[in-house]
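The lines below spell out each chain.
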Amino acid sequence: RHTRFRNVTGVQTCALPICTTVEQKADGRSVRERLFDLLMRRFDALQTYKAAIRSLAQSLCLHPLAGLKALPRFLRSMTRVLETAGVDVSGIPGLIKAKGLGLVYGNALRVWLKDDSPDMAKTMAALDRGLSQAEGLAKLCPARAKPAKT
């Protein structure tokens, strides 16, 4: 059947070592800067597989059900990136954050697939713009205060 999609696991696995250590909040960088760094490291790691990922993306357009099947794994991957950046991903707010980051990453991935420059300037610009927009949207939603434990 869809034998091309069996390689998705291998491609995702190559990006996982990038997210094995928690980024330190004490380094003075904002969450946005840590997310930018983590996702750009992922694009760097995936550079070798760019042709295969481009082919996979084109195939997913023809077989959208296969893309839906991979969605839970993709959201877990985005959740790991958020956790690594030091973001609380618990509960429904965490799921919303993972989905939001998935949209930002998906758009940056679309740009990356067309960006053949060695410095990935267009990809960096798209990612920075997306993270900036997500940050602005997050500021519209006030953080819920956690109830005090008694």
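Everything numeric here is computed off the predicted structure, so don't read it as measured data.

The next subject is the overall build of the protein chain. What the protein chain contains, in helices and strands, is 6 helices and 0 strands. When the helices and strands of the protein chain are listed from N to C terminus, the series reads α-α-α-α-α-α. By the burial criterion, 31% of the 150 residues in the protein chain qualify as buried. Summarising the internal contacts of the protein chain: among those between residues at least 6 apart in sequence, 69% fall at separations of at least 24. Accessible surface computed for the protein chain: about 9,800 Å², of which carbon and sulfur atoms make up 61%.

Side chains that are nonpolar tend, in soluble globular proteins, to be buried together. Grouped together as the largest cluster of nonpolar side chains are 23 residues, with contacts concentrated most on L35, F43, L82, L101, W112 and L127. Secondary-structure elements contributing two or more residues to this core are α2 (31-46), α4 (64-84), α5 (91-114) and α6 (121-140). At 7 residues, α5 tops the list of elements feeding residues into this core. Ignoring anything within four residues of it in the chain, the contact list for L127 reads F36, L39, M40, V104 and A108.

Below, the discussion takes up the environment of S117. Mapped onto the fold, S117 is located in the loop between α5 and α6. Residue classification places S117 among the partly exposed residues on the basis of a relative accessible area of 24%. At a separation of 3.1 Å, a polar atom in the side chain of S117 contacts the side chain of D119.

Turning to the confidence of the model for the protein chain, a few remarks are in order. With 77% of its residues at a pLDDT of 70 or more, the protein chain shows a mean pLDDT of 83. Low confidence marks residues 1-17, where pLDDT is under 50. Its contacts with residues over four positions away, or in another chain, come to 21 contacts.

Bringing unusual backbone geometry into the picture now. Of note in this structure, M120 is not a glycine but carries a positive phi near 50°. Along the chain, M120 falls in the loop between α5 and α6.

What follows deals with the pattern of salt bridges. Any two side chains of opposite charge can pair, so long as their charged atoms come close to each other. Throughout the structure, instances matching the rule amount to 6 salt bridges. Two residues, D116 and K50, come together in a salt bridge whose shortest N-O distance is 3.8 Å. One end of the pair, D116, is in the loop between α5 and α6; the other, K50, is in helix α3 (residues 50-62), and 66 residues separate them in sequence. Assessed through its relative accessible area of 6%, K50 is described here as buried. Notably, a salt bridge pairs R54 with D116, separated by 3.8 Å at the nearest N-O pair. In this pair, R54 is assigned in helix α3 and D116 in the loop between α5 and α6, connecting sequence segments 62 residues apart.

Attention now goes to a nonpolar patch on the surface. On the surface, a cluster of nonpolar side chains totalling about 320 Å² of accessible area is made up of L65, L68 and L71. Residue position: L65 is located in helix α4. Of the residues examined, L65 reaches a relative accessible area of 67% and is grouped as exposed.

All right, on to the packing of α2 against α4 then. The contact between α2 and α4 brings their axes to 9 Å, and the two run at 135°. Here α2 lies oblique to α4, going by the angle between them. Judged by the twist between their axes, the crossing of α2 over α4 is right-handed. For the pair formed by α2 and α4, the contact residues are L35, L38, L39 and R42 on the first element and S77, M78, V81, L82 and T84 on the second. Taken together, the residues that form the contact of α2 with α4 break down as 6 nonpolar, 2 polar and 1 charged.

Rules behind the numbers
- Residues numbered from 1 in each chain as written.
- Predicted model: local features only at pLDDT ≥ 70, side-chain atom pairs only at ≥ 80, totals over all residues.
- Heavy atoms only, no water.
- Helix = DSSP H or I, 4+ residues; strand = E, 2+ residues; numbered from the N terminus.
- Buried < 20%, exposed > 50% of the residue type's maximum accessible area, 1.4 Å probe, protein only.
- Contact = heavy atoms within 4.5 Å.
- Areas by Shrake-Rupley, 256 points an atom, 1.4 Å probe, with all protein chains shown as cover.
- Core = buried A, V, L, I, M, F, W, Y, C linked by side-chain atoms within 4.5 Å.
- Polar contact = N/O pair within 3.5 Å; in protein donor to acceptor, adjacent residues only side chain to side chain.
- pLDDT = per-residue confidence, 0-100.
- Salt bridge = Lys/Arg side-chain N within 4 Å of Asp/Glu carboxyl O.
- Patch = residues over 30% accessible without salt bridge, like charges linked within 9 Å, V, L, I, M, F, W, Y side chains within 5 Å.
- Axes fitted to C-alpha atoms, helices over the stretch in contact; angles between N-to-C directions.
- Parallel < 35°, antiparallel > 145°, perpendicular 65-115°, else oblique.
- Left-handed = near helix turned anticlockwise from the far one by under 90°.
- Nonpolar A, V, L, I, M, F, W, Y, C, P; charged D, E, K, R; others polar.

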